[in-house]
Every structure is written in structure tokens, then in C-alpha cells.
Amino acid sequence: MQSVDTAVTDLASAMKKFFRRVLPIMLVMLVCNQLNRSNIGYAQDHLQADVGIGAAAYGFGAGLFFIAYAIFELPSNVMMEKYGAKVWLTRIMVSWGIVSFLMAFVQNETMFYVLRFLLGAAEAGFFPAVIFYFARWVPAGQRGKATAIFIAGSSVAAALSGPIAGLLLSLHDVLGLRGWQWLFGFEGVLSVVVGITVFFFLDAKVQDAKWLTAGEKSALTATIAQEDAQHTTANGKQDGKVNRWKMLLNPQILLLCGIYFSVQLSIYANTFWLPTIVKQIPGTTDLSVGFLSSIPWVCAVFAMYFAAKWQDKAKSKRPLLVAALLVAAVGTLAAAVASPVLALVFLAVAALGFKSASPLFWTIPQSTLHPLVLAPAIAIINSLGNLGGFVAPFGFGIIKEQTGSVVPGLFALAAASTVAAILVYFLKERKPASDATEKASAPGATRLEPSAAK
């Protein structure tokens, strides 16, 4: 039996090792994920010139990814629970890499639609699997930090994707391939290689981790089990049997879906259409567009860093989330009425908001949902919310084709972020741990997940 002091020391040591060893692996996986999601934004004009894919067809194909993602998200998550994170995350990465590689050989709109749908099906379950993995490895007090760092990786990837895409697109006719074929082919192969590598470095369970000592395994396993038990007690289920499907009908989960939908609208409208907006700046080339398009995402990295620091100190995440959404709304609205150069500046401001909103958002379901329903609930929230990734590019494509401009779409994004900010105030948060302890014996009392010992 470990003493309290020894358990605290072992837990802290285990977390340091996790952040040094496991989190970097997750970040590399996320970088590959974002590169494969965003590459068509840089290839759009080339696909139109070489394959004949117009703005509306491009927007529809870009959005089809998220239809497939929504359909296969929950089944994929169920399979992840059956086979384990190690096997399933490897499968996800290898399959999306293969499909992305095949995009290098697209010849018409139909093939484009099919491959985009298959890419969404292949990627489905990736994000919920990672979040669930954190819930099984990281105590509640540090889970927000882990999630924030992980999601910040998407901004790093977006910042890298522009320069990388610009360089690959410049490889016109090298080995008889077009630049956009190099873009899809290289990033697809990279995902396959990383996916295979992950299988040998990622552990499915705490007890499988040879890099943890016996004491560290015991302390970490006991902490997670204790938090699960307290969740069970707080939800009135002493025997641990929870009807997860009934819990998924909770209005709070549907509200979370709506807020996340709005966040995803902004993220993927910018992911797929930012290069088009930047190209309106006179004198730009593929390479300069790639570098200029990285500016909003670089700004987002810093915003997410400070958001992560503030959220650790905040008793309630709601005011921070509201502020982030309103910054996104103001920046997007200003970009809609500004010149192309100023539009890029204001879109950088908007990125400060909608990217920092994402890690702030995910701390709420992780800290309030029952552990037995966490994985499927996150899958539902992520899949339905990610439908914003269909609406945004498809809607922008129709608007661009009908009006020749994306300005009306920017107005719509600003309105959506404002509505989401209002909806945040209808979310229910658990009370701070100190209050929960004082009221633990009160009928119907709820608890926040206990903070990890420091």
C-alpha cells in the first residue's frame, strides 16, 4: 500500500513522463491529420485548372468529408473501445494516409467526391479516441492542459501547412507530376509512415507502459479509478451501470453540439477558403499565399497558449469561452468589410478567438460527463459539431459561385459565433471542488472531477 506522499510523488512523476513521451506522439499525429484535411484548400485553383472542379463542386467535395465523418464517428469509437487506442489509432492514420495519397490521381468531380467521402470515413473517430485516451491516462486536474496542448497542435499544423503546401505546389512537372499531386502524395505517405510508427510507441493501457515504474502505474491507475467512482456516485449509479444512450439524450449534450458546430464553421471556413481570400492580395504566388495563409494560425497558437493558462485559474470556463467566440465574431465581421490586406489581419484576430474557443470548449464535457458515457458523448458532439465542416465549405462554394465573393459567408460566420456565445450561458457547469465537498451530502448534489494532487 502506497503512502499518501509517495502516491502524490509517483502521480506527479507519471504525468511528467506522459507529457514528455505520449503527448508529442499525439501532436505528430494531429499535425499529419491537419495537413491532410487542409491541403485541398491550397490545391483548389489547380484542381479547377487541371481537373475542372469549380467552386461549388470544390465546396461540396470539401464538405463531404464531414458527412462521412459524422456517419462513421460513433461506430469508429465503438471499435476503438473494442480493439484499444493503440490498434485503432494506427488503423485510422494508415487508412487516411492511403486515401489522401490516392487524391493525387483524381481525374473528375465524381472521383473527387468519392475520395473525400472515404477520407472522412477513414479519419472518423480520431479526435474522440484521443480525448478518451486522455480520460483514461490523465487525471482531471491536468486533462484541460493536455487537451489544450493537443488542440494547439492543430494551429501549429495549419501554420506549417501553408509553407509546406507552397513548396510542394512549386514542384510542377517534377517526375512528370503536377504540384498538387506532390502535395497529396507526399502528405499521404507521411501519414502512413507515422501511423505504422505509432503502433510501436503508443501503449493502450497504463499497465502496458514499460516507461512507468510500478509505483507510478499504481498511483495513476488508482487516481483515475477514484475519479470514475466519484462520477458514478455523483450520478446516483452506485453499481457503475449507466444507460449511456439515455445520457446522450441530455439537452446539455445537444447544446454542446450546437456550440461546437459554430466553432467548426469558423475553423473550416478558414481552413478551406483562407488561401482564396489571400490570393486577392495583388502580386501573390503559390509560395507567398502559403506563407501569408499561415499568419492567422501562428497567431492562434499564442492565443491558445494563453487561453490554456487562464482556464487553469478560472473557476468557470464559460466567460472565457464567450469572450473567445465574440473575438471570433468581431474579427470575422471586420474582415468582411476590409481590403484584402486588412482582411488577412482581421482574420488573424478572428483566429485568436475561434481556435482558442476549441480547447476551452472541450474542458466542459470532460469535466461534467460521466466517464461511462464520455467516449460516445464526445463522439456525438464531435461528429454533429463537425457538420459545420460540411456547411462552411459547401456554403462558401455556393456563395462564391453565385456572387463571385465570400463576403456574405463571412457575415454568416460572424452571426454564428455571436449566437454560440449566447448559447454558452445555458450550459451547466459543476461547482468547484471545494463547494462540491461541502455539499456532498446534500440531495441531488453534483461534483466536479477532483483536481489531481500537486
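Computed from a predicted structure; not experimentally measured.

(A) How the structure looks around the overall build of the chain. Along the chain, the regular secondary structure elements total 18 helices and zero strands. The contacts of the chain with a sequence gap of at least 6 include a subset with a gap of at least 24, amounting to 82%. Of the roughly 18,400 Å² of accessible surface on the chain, 68% is carried by carbon and sulfur atoms.

(B) Molecular detail of the confidence of the model for the chain. Model confidence for the chain is summarised by a mean pLDDT of 79, while 85% of its residues fall at 70 or above. Helix α18 (residues 433–438) is the least confidently modelled element of the chain, averaging 42 in pLDDT, while helix α4 (residues 109–123) averages 91, the highest of any element. Every residue in residues 236–240 is under pLDDT 50, and counting partners more than four places away or in other chains gives six contacts. Confidence over residues 432–454 falls short of pLDDT 50; this stretch has 35 contacts with residues more than four positions distant or in other chains.

(C) A look at the nonpolar core. Ranked by size, the top nonpolar core spans 127 residues in total, and within it Met-26, Leu-89, Phe-134 and Trp-137 carry the most contacts. With 17 residues, helix α1 (residues 4–51) is the single largest residue contributor to this core. Setting aside residues up to four positions removed in sequence, Phe-134 forms contacts with Phe-18, Leu-23, Met-26, Arg-143, Ala-146, Thr-147 and Phe-150.

(D) Quick look at the pattern of salt bridges. Counting across every chain of the model gives three salt bridges. A salt bridge links Glu-216 to Lys-17, with the shortest nitrogen-to-oxygen separation between them at 2.9 Å. Note that Glu-216 is positioned in helix α8 (residues 214–234) and Lys-17 in helix α1, a separation of 199 residues in sequence. For Glu-216, a relative accessible area of 4% corresponds to the buried category. Note that Arg-178 is salt-bridged to Asp-50, the shortest N-O span being 3.2 Å. Here Arg-178, found in the loop between α6 (140–169) and α7 (179–201), pairs with Asp-50, found in helix α1; they are 128 residues apart in sequence, far enough to count as distant.

(E) Broad picture of unusual backbone geometry. Despite not being glycine, Leu-175 shows a phi value in the positive range, around 60°. One can find Leu-175 in the loop between α6 and α7. Of the residues examined, Leu-175 reaches a relative accessible area of 71% and is grouped as exposed.

(F) Representation of the packing of aromatic side chains. In total, this model carries 23 aromatic pairs according to the counting rule given. Between Phe-72 and Phe-117, the aromatic rings sit 6.3 Å apart at their centres with planes inclined by 75°, giving edge-to-face as the arrangement. Highlighted residues: Phe-72 in helix α2 (residues 55–83) and Phe-117 in helix α4, separated in sequence by 45 residues. Measuring from centroid to centroid gives 6.1 Å for Tyr-83 and Trp-88, while their planes differ by 10°, and the two rings are stacked. Residue classification places Trp-88 among the buried residues on the basis of a relative accessible area of 13%. Sitting over the ring of Trp-88, Arg-91 keeps its end group 4.3 Å from the ring centre.

(G) Seen up close, the packing of helix α3 (residues 85–102) against α7. Orientation of α3 relative to α7, taken along the N-to-C sense of each, is 165°, at an axis distance of 7 Å. Accordingly, the angle class assigned to the pair α3 and α7 is roughly antiparallel. Between α3 and α7 lies a crossing whose hand is left-handed. Together, Lys-86, Val-87, Thr-90, Met-93, Val-94, Trp-96, Gly-97, Ile-98, Ser-100 and Phe-101 of α3 and Phe-184, Gly-185, Gly-188, Val-189, Ser-191, Val-192, Val-194, Gly-195, Ile-196, Val-198 and Phe-199 of α7 make up the contact between the two elements. Residue composition of the contact of α3 with α7, by class: 13 nonpolar, seven polar and one charged.

(H) Molecular detail of α2. Look at α2: 40 Å from first C-alpha to last across 29 residues, which is about the 42 Å you get at 1.5 Å a residue. Its axis deflected by about 45° at Phe-72, α2 carries its strongest bend there, up to four residues before the proline Pro-75. Within two residues after α2, Gly-84 carries a phi angle of roughly 95°, on the positive side.

(I) Geometry of the side chain of Ser-266. Mapped onto the secondary structure, Ser-266 falls in helix α10 (residues 251–278). Ser-266 gets classed as buried once you look at its relative accessible area, which sits at 2%. Those residues in contact with Ser-266 that sit more than four places away from it in its chain are Phe-354, Leu-413 and Ser-417.

(J) Here's a closer look at the side chain of Thr-90. Assignment of secondary structure puts Thr-90 in helix α3. Since its relative accessible area comes to 12%, Thr-90 is described here as buried. Those residues in contact with Thr-90, other than ones at most four positions away along the chain, are Ala-85, Gly-195, Val-198 and Phe-199.

(K) Just a nonpolar patch on the surface, in detail. Where nonpolar side chains cluster on the molecular surface, the patch consists of Tyr-83, Val-87, Ile-196, Phe-199, Phe-200 and Phe-201 and spans about 610 Å² of accessible area. Among the elements that line the nonpolar patch, the one with the most residues is α7, at four residues. One can find Tyr-83 in helix α2.

(L) Spotlight on α10. Under the 1.5 Å per step criterion, the end-to-end length of α10 is 40 Å for 28 residues, consistent within 8% with the ideal 40 Å. The largest bend along α10 reaches roughly 50° and is located at Phe-272, with the proline Pro-275 sitting one to four residues downstream.

Criteria and cut-off values
- Each residue is numbered by its place in its chain's sequence as written, counting from 1.
- Side-chain atom pairs in this predicted model are given and counted only at pLDDT of 80 or more, local residue features only at pLDDT of at least 70, and totals for whole chains, interfaces and linings cover all residues.
- Excluding hydrogens and water, the side-chain values take into account all heavy atoms of the structure.
- Secondary structure elements follow DSSP: runs of H or I no shorter than four residues count as helices, runs of E no shorter than two count as strands, and numbering proceeds from the N terminus.
- A contact between two residues is defined here by any heavy atoms of the two lying within 4.5 Å.
- Here, Shrake-Rupley sampling with a 1.4 Å probe gives the accessible areas, and only protein chains in the shown set may cover a residue.
- Per residue, pLDDT measures the predictor's confidence, with a range of 0 to 100.
- Residues grouped as a nonpolar core are buried Ala, Val, Leu, Ile, Met, Phe, Trp, Tyr and Cys residues, joined through side-chain atoms within 4.5 Å.
- We call a residue buried when its accessible area falls under 20% of the maximum for its residue type, exposed when it is over 50%, and partly exposed in between, using a 1.4 Å probe and counting protein chains only.
- By definition, a salt bridge exists where a carboxyl oxygen of Asp or Glu is found within 4 Å of a side-chain nitrogen of Lys or Arg.
- Between 30 and 60 degrees the pair is tilted, below 30 it is stacked and above 60 it is edge-to-face, where a pair is any two Phe, Tyr or Trp rings, Trp via its six-membered ring, whose centres lie within 6.5 Å.
- Placement of a charge over a ring requires the Lys NZ or Arg CZ to be within 6 Å of the ring centre, with the centre-to-atom vector within 35 degrees of the ring normal.
- Think of each axis as a best-fit line through the C-alpha atoms, taken over the contacting stretch in the case of a helix, with angles from 0 to 180 degrees between the N-to-C directions.
- An angle below 35 degrees is treated as roughly parallel, one above 145 as roughly antiparallel, one from 65 to 115 as roughly perpendicular, and anything else as oblique.
- Left-handed describes a crossing whose near helix is turned anticlockwise from the far helix through less than a right angle; right-handed describes the clockwise counterpart.
- Throughout this entry, Asp, Glu, Lys and Arg are counted as charged residues, while Ala, Val, Leu, Ile, Met, Phe, Trp, Tyr, Cys and Pro are counted as nonpolar. The remaining residues, Gly among them, count as polar.
- Multiplying one less than the number of residues by 1.5 Å gives the expected span of a helix.
- Here the bend at a residue means the angle between the axes of two seven-residue stretches, the one that ends at it and the one that starts at it.
- To count toward a patch, a residue needs a relative accessible area above 30% and no salt bridge. Like charges then connect within 9 Å, nonpolar side chains (Val, Leu, Ile, Met, Phe, Trp, Tyr) within 5 Å.

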